Amino acid sequence: MKEIRLDSPLKGELVELSQVNDPAFASGAMGFGAAVKNPDGKVYAPVDGEITVLFETKHAIGIHGANGEDLLIHVGLDTVKLNGEHFTAHVEQGAAVKKGQLLLEFDGEAIKAAGYDITTPFVVTNSTEFDKITIALGDKEIVSAEAEAKAETVTADDEYADLPQEARVAKLIEKYVGGMDNVRNAEHCATRLRLIINDKSKIDEKAIENIDGVKGQFFAAAQYQIILGTGFVDKVFAEFVKGTNFSGVSNKEEAYAQMTPLQKISRTLGDVFVPIIPVLVATGLFMGLRGAAQSLGVQFSDNVLLLSQILTDTAFIFLPALVCWSTMKRFGGTPVIGLVLGLMLVGPQLPNAWAVAGGDVKPIPMEIFGMTIGIVGYQGSVLPALVLGIFAAKLQKALKTVVPDIIDLIVTPFVTLFISMILGILIIGPIMHSLETTIFGAVSAFLQMPMGIGGFIVGGLQQVIVVFGVHHVFNALEVQLLATTGVDPFNAIITGAIVAQGGAAVAVAMKTKDAKKRALYISSAVPAFLGITEPAIFGINLRFMKPFLYALVGGACAGGVASFLHLAGTGMGITVLPGTLLYLDHLLEYVIVNLIGFGVAFGLTFTLFKPEE
């Protein structure tokens, strides 16, 4: 354990910082320390070290000690307004000092007569680097409040020191979340262990953050999420659920019950669209490879071109079938019924939607209640299939409650398909398609605003939306962009926002002197360059706040440039380094956008951020 013991730099009454009438000191935001009431007017060096800061007003002085401690001694409160009056300095900035050496004198009575409190706080600004700090004056001692908690953590580490790392981390997490009795459900994603907790008050968040191997923790989307990193999270999860009935399958009903309405919508869209993203990624890669080859002058025969079109067009032609299948599965219906319903929306008997839009064919007119409705196919549409899938799933579940089991296998699918098909083609389809067209037009106009303004706004705010856990709302938008235009400009905008978070995290790592913290920060930054920003955001940038804000600026700049260059990916779902495969025909512009996002965020953070903040 790294411990330090400091003698008070002033004589007087030693008190805890909480008694200081200044929230910056009293809250501990400046670091752990103490204060002296009614000081005798002389400040002595509490350690051997170097004067790192001596304000011109002489009211405050900073020392870097021989043991690595950074100390700030602040004489009185708001005394900066005295502009040095009543203060006499006996050292200069940069001078080496010895413990007990007189640094500063001040006239306490004159300062009080001027209306200022002369209670003098002094803090260790890098107190998080020490396991225990003791400050003494005479017989009185003040010990850092974190010492006991850290000592407990060290003891726990020793308790499980003989276990493999993943088992040790799992055991410690179990202990500090209040035991397995406090865990209702457990699952994990690519980087995080996700727990649904019975009683949040039983969680020792600071102890969990102190576990070697944990990169951060937070509550989001009604889950307690512990960042462990790619690969390692799988091993820890396997150890964590040993001897339990947790299968890793998300208990959505419990999680949804604790979400906000917007989080519920976002999570639902994520549940629907995430399963079909791999197909759209593969399709995008095929389009990128074909475009890159053609840009290099490769000529395809008619047959080869036809085969390539089968690879690139099939998923979007039958997109309603994929969406309806996934929606039925998500809402508890029979997936194959959803698949058939989706295929009905693009049945070859219906006029092709793209041919209708091009004026080559006309919709089929049908009279309903005195109104003429033009019936068309819904190739490339999202909302009609989504809403129809929800309706069909609800209808099927309702039918199962009233249809006798003996005829359920025949009646329920028949009635579900019949009613859903009629409503889908005649009512739900036309209404949702019109709404979809309106929304898509508004979004496209926003992204195409002049000078890249739309991209600037989206790039600057996208990672804020990630923090609130509602970023899945964009999945439907990206799918619709790809289905309608064949490219995804949104992907190009957000890749700059993602790489910017990685750039800021790398800058924090480079400015951090502690080797262990630097290694932890770098390991948290690396996933950002693979498109996963949560470790960088929650493990580094958001904890220090300023790097997160600088990364937002970098994302805004990159998004603005991407929009200005009209850059767009041939697919969705992958960004930054893996996303390169979606931009093989516009590789230079893609590299420029990523360099801008990284460079701006890294430059601002490295220049303006101070680790002690």
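Residues numbered from 1 in each chain as written. Predicted model: local features only at pLDDT ≥ 70, side-chain atom pairs only at ≥ 80, totals over all residues. Heavy atoms only, no water.

Asker: Even after reading the chapter, I still don't get the overall build of the chain, so can you show me in this structure?
Answerer: Secondary structure assignment for the chain yields 23 helices and 19 strands. By its C-alpha atoms, the chain is 95 × 60 × 50 Å across when sized along the principal axes. Counting over 613 residues, the chain shows a buried share of 50%. Look at the contacts in the chain between residues 6 or more apart in sequence, and 71% of them connect residues 24 or more apart. In the form shown here, the chain has an accessible surface area of approximately 28200 Å², with 62% of it arising from carbon and sulfur atoms. Separation of charge centres in the chain, based on 43 positive and 58 negative side chains, amounts to 2 Å. (Helix = DSSP H or I, 4+ residues; strand = E, 2+ residues; numbered from the N terminus. Buried < 20%, exposed > 50% of the residue type's maximum accessible area, 1.4 Å probe, protein only. Contact = heavy atoms within 4.5 Å. Areas by Shrake-Rupley, 256 points an atom, 1.4 Å probe, with all protein chains shown as cover. Lys, Arg positive; Asp, Glu negative; His and termini not counted. Charge placed at Lys NZ, Arg CZ, Asp CG, Glu CD.)

Asker: Could you clarify how one ought to interpret the sheet that holds strand β3 (residues 32-37) in this entry?
Answerer: Backbone hydrogen bonds hold the strands of a sheet together, and the pairing may be parallel or antiparallel. Taken in spatial order, the seven strands of this open sheet run β2-β3-β11-β7-β6-β5-β9, and their pairing is antiparallel. The strands lining the two open edges of the sheet, one partner per strand, are β2 (13-16) and β9 (96-97). Two elements, β2 and β3, share four bridges in a ladder whose sense is antiparallel. Each residue of the ladder has a partner; that of Glu13, found in β3, is Lys37. (Pairing = 2+ DSSP bridges.)

Asker: Whenever I open this one, the packing of helix α16 (residues 453-467) against helix α18 (residues 489-511) confuses me. Can you help?
Answerer: Close contact between α16 and α18 brings their axes to 9 Å; oriented N to C, the two are set at 50 degrees. Of the possible angle classes, the one that applies to α16 and α18 is oblique. α18 is crossed by α16, and the crossing has right-handed handedness. Note on element contacts: α18 touches α16 through Phe490, Ile493, Ile494, Ala497, Ile498 and Gln501, opposite Gly455, Val458, Gly459, Gln462 and Gln463. When the residues that make up the contact of α16 with α18 are grouped by side-chain class, the tally is six nonpolar, five polar and no charged. (Axes fitted to C-alpha atoms, helices over the stretch in contact; angles between N-to-C directions. Parallel < 35°, antiparallel > 145°, perpendicular 65-115°, else oblique. Left-handed = near helix turned anticlockwise from the far one by under 90°. Nonpolar A, V, L, I, M, F, W, Y, C, P; charged D, E, K, R; others polar.)

Asker: What exactly am I supposed to notice about the packing of aromatic side chains here?
Answerer: Geometrically, a pair of aromatic rings is defined through the distance of the ring centres and the angle of the planes. Under the definition given, this model contains nine aromatic pairs. When the ring of Phe474 is compared with that of Phe490, the centres are 4.7 Å apart and the planes differ by 35 degrees; the resulting orientation is tilted. In this pair, Phe474 is assigned in helix α17 (residues 473-485) and Phe490 in helix α18, connecting sequence segments 16 residues apart. Measuring from ring centre to ring centre gives 4.1 Å for Tyr583 and Tyr590, while their planes differ by 15 degrees; the resulting arrangement is stacked. For the pair Tyr583 and Tyr590, a shared accessibility class is recorded, and that class is buried. Over the ring of Phe331 we find Arg330; its NZ or CZ atom is 4.8 Å from the centre of that ring. Over the face of the ring belonging to Phe606 we find Lys511, whose NZ or CZ atom lies 5.6 Å from the ring centre. (Phe/Tyr/Trp six-rings, centres within 6.5 Å; stacked < 30°, edge-to-face > 60°. Lys NZ or Arg CZ within 6 Å of the ring centre and 35° of its normal.)

Asker: Just checking my understanding: could you explain the nonpolar core for this structure?
Answerer: Note that soluble globular proteins tend to have their nonpolar side chains buried in a common cluster. Among the nonpolar cores identified, the biggest contains 56 residues, and Phe273, Leu319, Val323, Val479 and Phe490 are the most heavily contacted of them. Here the element with the most residues in this core is α17; it accounts for seven residues. Beyond its immediate chain neighbours, meaning those up to four positions away, Val479 contacts Phe273, Leu280, Leu319, Val382 and Met572. By size, the runner-up hydrophobic cluster in this structure holds 34 residues, among which are Ile4, Ala34, Leu103 and Phe130. (Core = buried A, V, L, I, M, F, W, Y, C linked by side-chain atoms within 4.5 Å.)

Asker: Hey, could you run me through the confidence of the model for the chain in this one?
Answerer: Segments scoring low in pLDDT should not have their predicted coordinates read at a detailed level. Confidence in the prediction of the chain, expressed as mean pLDDT, is 85, and 94% of residues score 70 or more. Note on residues 147-156: pLDDT is under 50 here. Beyond four places in sequence and across chains, it has 14 contacts. (pLDDT = per-residue confidence, 0-100.)

Asker: What is the right way to read the side chain of Asn541 from this model?
Answerer: Residue position: Asn541 is located in helix α20 (residues 534-544). Residue Asn541 is classed as buried on the basis of its relative accessible area of 0%. When residues no more than four places from it in sequence are discounted, the contact partners of Asn541 are Gln501, Ala504, Ala505, Ala536, Pro547 and Phe548.

Asker: What should I look at first to understand α17 in this one?
Answerer: For an α-helix, 3.6 residues make a turn, and residues three or four places apart therefore share a direction. For α17, with 13 residues, the first-to-last C-alpha span of 19 Å sits near the 18 Å given by 1.5 Å per residue. A large share of α17 lies buried, amounting to 10 of its 13 residues. Within α17, the full set of buried residues consists of Phe474, Asn475, Ala476, Leu477, Glu478, Val479, Gln480, Leu481, Leu482 and Ala483. Just past α17, the residue Gly486 takes up positive phi, approximately 85 degrees. (Expected span 1.5 Å × (residues − 1).)

Asker: Even after reading the chapter, I still don't get a nonpolar patch on the surface, so can you show me in this structure?
Answerer: Together, Phe446, Met451, Ile453, Phe456, Ile457, Leu461, Phe564 and Leu565 give the surface a local cluster of nonpolar side chains, amounting to about 750 Å² of exposed area. The element best represented in the nonpolar patch is α16, accounting for four residues. Following the sequence through the fold, Ile457 ends up in helix α16. You can call Ile457 partly exposed: its relative accessible area is 35%. (Patch = residues over 30% accessible without salt bridge, like charges linked within 9 Å, V, L, I, M, F, W, Y side chains within 5 Å. Salt bridge = Lys/Arg side-chain N within 4 Å of Asp/Glu carboxyl O.)

Asker: For this particular structure, what's the right way to read the sheet that holds strand β10 (residues 102-106)?
Answerer: Reading across the sheet, the three strands line up as β4-β10-β8 and stay open at both edges, with antiparallel pairing between neighbours. Every interior strand has two partners, whereas the edge strands, β4 (42-44) and β8 (87-89), have only one. This sheet shows a mean twist of 15 degrees between the axes of neighbouring strands, independent of strand direction.

Asker: Can you walk me through the pattern of salt bridges in this structure?
Answerer: Close approach of charged atoms lets side chains of opposite charge pair. Going through the model one piece at a time under the given rule, you end up with seven salt bridges. Its salt-bridge partner being Asp7, residue Lys99 comes within 3.2 Å of it at the nearest N-O pair. On the criterion of sequence distance, the pair formed by Lys99 in the loop between β9 and β10 and Asp7 in strand β1 (residues 3-7) is long-range, its members being 92 residues apart. Under the relative-accessibility criterion, Asp7 is labelled partly exposed at 34%. Measuring nitrogen to oxygen at the nearest pair gives 3.0 Å for the salt bridge that ties Lys400 to Asp408. Using a relative accessible area of 41% as the deciding quantity, one classes Lys400 as partly exposed.

Asker: How should the pairing of β10 be read in this particular structure?
Answerer: Remember that side chains alternate between the two faces of the sheet whenever the strand is regular. Where β4 and β10 come together, three bridges link them in antiparallel fashion. Considered in β10, the bridge of Val43 is made with Leu104.

Asker: Got a minute to help me understand empty space enclosed by the protein in this structure?
Answerer: If a probe as big as a water molecule is rolled over the atoms, it shows which places are left empty. Applying the stated criterion to the full structure yields one cavity of 30 Å³ or more. A volume near 40 Å³ is recorded for the largest cavity. Every residue along the wall of the largest cavity is listed here: Leu6, Pro9, Pro46, Leu71, Ile73, Phe122 and Val123. At the level of secondary structure, the elements contributing two or more residues to the lining of the largest cavity comprise β7 (70-74) and β11 (120-124). (1 Å grid on protein atoms, 1.4 Å probe; cavity = no way out; pocket = protein on both sides within 12 Å on 5 of 7 lines; lining within 4 Å. Points joined across faces, edges and corners; volume = space filled by probe spheres on them.)

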